[in-house]
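Analysis of the macromolecular model
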Amino acid sequence: MKLLNIDVFERISSQRIVTIAEVVNSLYGVNPNTKMKDLPDDIAEETQDIRKAITRNLRSLNIRIATVNDELDADLVFAAALDYMREGITPETIIRRGKDAISAYVYTNNWEDLMFAFGGRSLVETVSKVRKTGRGQHRKSDEENGTFKMLGLLIKLLAEKHPTGKYGTREKPTISEIYKDVLALIEKEQVTTKGIGKSTFSAKASQALMTIYDESSQE
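Below or above, wherever it landed, is the structure these notes cover. Source: prediction; values computed, not measured. (Residues numbered from 1 in each chain as written. Predicted model: local features only at pLDDT ≥ 70, side-chain atom pairs only at ≥ 80, totals over all residues. Heavy atoms only, no water.)

Right, let's get into the overall build of the protein. Counting secondary structure elements, the protein contains 9 helices and 2 strands. Listed by position from the N terminus, the elements making up the protein come as α-β-α-α-β-α-α-α-α-α-α. For the protein, the C-alpha radius of gyration of 19 Å lies close to 17 Å, the compact-globule estimate for 219 residues. Taken along its principal axes, the extent of the C-alpha atoms in the protein is 55 × 45 × 30 Å. A burial count over the protein gives 38% of its 219 residues as buried. Look at the contacts in the protein between residues 6 or more apart in sequence, and 51% of them connect residues 24 or more apart. (Helix = DSSP H or I, 4+ residues; strand = E, 2+ residues; numbered from the N terminus. Rg over C-alpha atoms; globule rule 2.2 N^0.38 Å. Buried < 20%, exposed > 50% of the residue type's maximum accessible area, 1.4 Å probe, protein only. Contact = heavy atoms within 4.5 Å.)

In structure tokens, the structure reads:
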């Protein structure tokens, strides 16, 4: 029986803290935990170059980074890595995470400095256009955060109120047990699992729990 029921790329995408080394490995579809000495020869040198570039770009924001193994806010690292993501090489989950990370900073006060660090002048210009025309999308993002926050609170409530404790605790809900009963409900209701497969459910549940404490989702 496995405790980890989502793949390594979904797992790192759901984390709030990551390292530059982990994210750069994921750009190539390589297990994020792979050591530098164990990387394939054909990507090892380029990997080092990308690690350096991301480190320097983040340092330009006055973020203190000693090594590529320092733990940093995931949004910052994924956003800084977006420029190096490539269709057909980088897993779709990671590309989507990079785009979500960029979106998280579009309407911040220092967005211009951030975008310049993440992708240079071209990204600044792109985001400038989004800011002028995408206010509706910003509201949609706020609504989505609210939905995730509500979902996360409901998961905690389920765990707290379950009479046998099979859903874990409020502090640490057992998502796999909740999903088993969701599948049973799906069967009773005679609907499909489209959109809520096991890995998707787990990833969204994890995101929902994290959103509860995300200041950007607070009203």
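Here we take up unusual backbone geometry. Located in the positive-phi region is N62, a residue other than glycine, with phi close to 65 degrees. Position of N62 among the secondary structure elements: in the loop between α3 (41-59) and β2 (72-73). Judged by relative accessible area, N62 falls into the exposed class, the value being 72%. Backbone geometry at Q190 places phi at a positive 55 degrees, although glycine is not the residue there. Relative to the helices and strands, Q190 resides in the loop between α8 (175-189) and α9 (198-211). With relative accessibility at 73%, the residue Q190 sits in the exposed group.

Moving on, we get to the side chain of E10. The topology assignment puts E10 in helix α1 (residues 8-13). Although E10 lies buried, it forms no salt bridge, and the closest oppositely charged side chain, R96, sits 5.9 Å away as judged by the N-O distance. Sequence-distant contacts of E10, defined by excluding residues within four places in its chain, comprise T93 and S199. (Lys, Arg positive; Asp, Glu negative; His and termini not counted. Salt bridge = Lys/Arg side-chain N within 4 Å of Asp/Glu carboxyl O.)

Turning our attention to the packing of α8 against α9. Between α8 and α9, the least distance of the axes is 10 Å, while the angle of their chain directions is 125 degrees. Comparing their axes, α9 and α8 come out oblique. Regarding α8 and α9, the two cross each other, and that crossing is right-handed. Facing α8, whose interface residues are I175, I178, Y179 and V182, α9 presents K198, F201, S202, A205 and L209. Here the residues of the contact of α8 with α9 sort into 7 nonpolar, 1 polar and 1 charged. (Axes fitted to C-alpha atoms, helices over the stretch in contact; angles between N-to-C directions. Parallel < 35°, antiparallel > 145°, perpendicular 65-115°, else oblique. Left-handed = near helix turned anticlockwise from the far one by under 90°. Nonpolar A, V, L, I, M, F, W, Y, C, P; charged D, E, K, R; others polar.)

One pass over the structure, following the stated rule, counts 9 salt bridges. Between R170 and E160 there is a salt bridge, with the nearest N and O atoms lying 3.1 Å from each other. In this pair, R170 sits in the loop between α7 (135-161) and α8 while E160 sits in helix α7, placing the two residues 10 residues apart along the sequence. On the basis of relative accessible area, E160 is assigned to the partly exposed category, the value being 44%. Here K166 makes a salt bridge to D181, at a shortest N to O gap of 3.2 Å. With K166 in the loop between α7 and α8 and D181 in helix α8, this pair connects stretches of sequence that are 15 residues apart. Relative accessible area serves as the criterion here: at 32%, K166 is assigned to the partly exposed category. You can call D181 partly exposed: its relative accessible area is 29%. Through salt bridges with shared partners, one network takes in R16, D73, D75 and R97.

For the rest of this paragraph, the subject is the nonpolar core. With 41 residues, the main nonpolar core has I20, I54, L58, F78, M115 and F118 as its most contacted residues. The dominant element in this core, judged by the number of residues it contributes, is helix α6 (residues 111-133), at 8 residues. Other than its neighbours up to four places away in sequence, L58 contacts I20, I63, I65, L72, L76, V77, A80 and F118. Counting 10 residues, the second-largest nonpolar core is a separate cluster that includes I175, F201, A205 and I212. (Core = buried A, V, L, I, M, F, W, Y, C linked by side-chain atoms within 4.5 Å.)

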